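# Working through the structure, step by step
The residues making up each chain are set out below.
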Amino acid sequence: MDWQAFGFKDDHLQTTPLTKSTLSLFTGHEAEVNICQRVLAGRNVRLVIEGARGVGTTSFANYLRFNQKTQKSYFTPQTEIKVEQGWRLETLLAAIISNFIREIELLEANEVLISDERFQNAKSLSVRIAETYRSFGIDIFGFGGSYGKQPGVVSQPVIVPSSTLGHHLEDLIRLVQTAGYTHGALFQLNNLDIGEIHSEAEMKYMLNALRDYIQIQGSNWFFVGDNGFRKFIAQHVDRMDDIISHEVSLKPIAIDDLPEMINRRVNFFRESTKVNLPIDQEVFTYLYHITNGRLRYVFGLISRLLNRLYVGDLTDKITLDVAKPMLVALGRDRVSRADITTNEEHILSHLVSNFPMTATQIAKNIGKSSQYSGRILTNLVDKNLVSIRQNGRDKFYTPVMDAIIAYGNYEI
């Protein structure tokens, strides 16, 4: 989409989390922000932030972190650490230290810090670890990775024991405290999604192993995960449950705050005050209800819609009447790419009207056996049209957003 043709400097519907330069776009969640700011007035903070995908947990955490950095209470890297499947404790600590070092090097007037022996020793170790990982074939310091679906697919070299890495992390924290960051360093760990990214066993190992290191004086931590992450800690990681400072279960932005959020983005990105958004507010409201307020999906859907529809001399505004049939067509087009069968479509459309459901519940509703519905649901999961969440012994199935749009019947 060529937004410059409509008078915008850039895509105001971009779905990337807020950064230090776009904090002014943050809208809503005032009560949660106020509580967290009071928590951050203390020291050695361990804050859990959980919420459904697309509601803005990373943006919320970034907003808190970067505001604290501006006040020079905490030193915090620009980039959060995305904890990948299969990481060992040593991998995580090495990634944190590498990120820490990179951020110190980006500071203005950093000569005193980078000449300090503690920094030089930590950097030397980090470079050695990075070289080993590169030769091993893992890009650990890209803060991402490509691992298989099953834990242990990629074995990782333990170059330096975790205790040694912990000592270097402690040295770097002391170093930034001498530079005026009185509360020490603030780290953000993302991707702590159980089931989707990490198995319960992996997450239990990681949190138990990390527990002693998150108690280093001057270290502060944000743990960002999917719904249920805090409950998992309480039930499975007693050693960490005892030291959590506070938890936030982030809900979608309130519907009343949606117009303000859109206006902020329009004002931030438009070239002139005469530029207006070529999308009716009703379209945003409609998609808000369909997606349960998951704005990442809302903005992504509207971007896809704009790429399909001509907006110009003849159609200068997308209305809800224009958008609704096109959204259904977009959803069904994407579903059809999975080569869905008639039986699969039948169960998928039923699931859209009643999710989340177990295979047994679906079988009872449609008059089929549990084995039949379970087999069809497994196929839909493999085709990325349905997601699955374990709750005790039960498996609950939920359709993906494209299927909800394709087969749902929503009115506002």
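Residues numbered from 1 in each chain as written. Predicted model: local features only at pLDDT ≥ 70, side-chain atom pairs only at ≥ 80, totals over all residues. Heavy atoms only, no water.

## Structural notes on the overall build of the protein
Put simply, the test is: Going along the chain from the N terminus, every DSSP run of H or I of four or more residues is numbered as a helix, and every run of E of two or more is numbered as a strand. In this description the radius of gyration comes from C-alpha coordinates, and the expected globular size is given by 2.2 Å times residues to the power 0.38. For every residue, the accessible area (1.4 Å probe, protein chains only) is compared with the maximum for its type, and the residue is labelled buried under 20%, exposed over 50%, or partly exposed between those bounds. Contacts were defined at the residue level, with two residues in contact if any of their heavy atoms lie within 4.5 Å. Note that accessible areas follow from Shrake-Rupley with a 1.4 Å probe, and for residues the cover is restricted to the protein chains shown. Charge convention: Lys and Arg are scored as positive, Asp and Glu as negative, and His as well as the terminal groups of each chain are ignored. Where a charge sits is defined by one atom per residue type, namely NZ (Lys), CZ (Arg), CG (Asp) or CD (Glu).
What the protein contains, in helices and strands, is 17 helices and seven strands. Relative to its length of 412 residues, the protein is compact, with a C-alpha radius of gyration of 24 Å against a globular reference of 22 Å. Oriented by its inertia axes, the alpha-carbon framework of the protein measures out at about 65 × 60 × 40 Å. For the protein, the residues scored as buried account for 49% of the 412 residues in total. Look at the contacts in the protein between residues 6 or more apart in sequence, and 75% of them connect residues 24 or more apart. As presented, the protein carries roughly 19,600 Å² of accessible surface, and 46% of it is formed by carbon and sulfur atoms. Side-chain charges of the protein comprise 44 positive and 46 negative groups, with the mean position of each set lying 3 Å from the other.

## Focus on the sheet that holds strand S2 (residues 81-82)
Short version of the rule: Note on pairing: DSSP must find at least two bridges between two strands before they are called paired.
Strand order in the open sheet formed by five strands is S2-S3-S4-S1-S5, with parallel pairing between adjacent strands. Only two strands of the sheet have a single partner each, and these edge strands are S2 and strand S5 (246-249). In this sheet, S5 lies alongside strand S1 (residues 46-50) in parallel orientation, the contact comprising four bridges. Bridged to Leu 47 within S5 is His 246.

## Things to note about helix H7 (residues 200-210)
Note: α-helices contain 3.6 residues per turn, so residues at a spacing of three or four share the same orientation. Cut-off, in case you're wondering: Each C-beta atom gives one direction from the helix axis, and the arc is the one those directions make.
Those residues of H7 not exposed but buried are Glu 202, Met 203, Met 206, Leu 207 and Leu 210. Along the long axis of H7, the arc covered by the buried residues comes to 120 degrees, so they all point the same way. The inward-facing, buried residues of H7 abut helix H3 (89-106), strand S3 (185-192), strand S4 (219-225), helix H8 (229-236) and helix H9 (238-241).

## Structural notes on the nonpolar core
Let me state the cut-off plainly: Joining through side-chain atoms within 4.5 Å is the link that ties buried Ala, Val, Leu, Ile, Met, Phe, Trp, Tyr and Cys residues into a set, and such a set is a nonpolar core.
Counting 55 residues, the largest nonpolar core has Phe 60, Phe 284, Leu 287 and Ile 302 as the members making the most contacts within it. Ranked by residues supplied to this core, first place goes to helix H12 (residues 295-308) with seven residues. Core analysis: the second largest hydrophobic core is formed by 50 residues, Leu 89, Ala 122, Leu 125 and Phe 187 among them.

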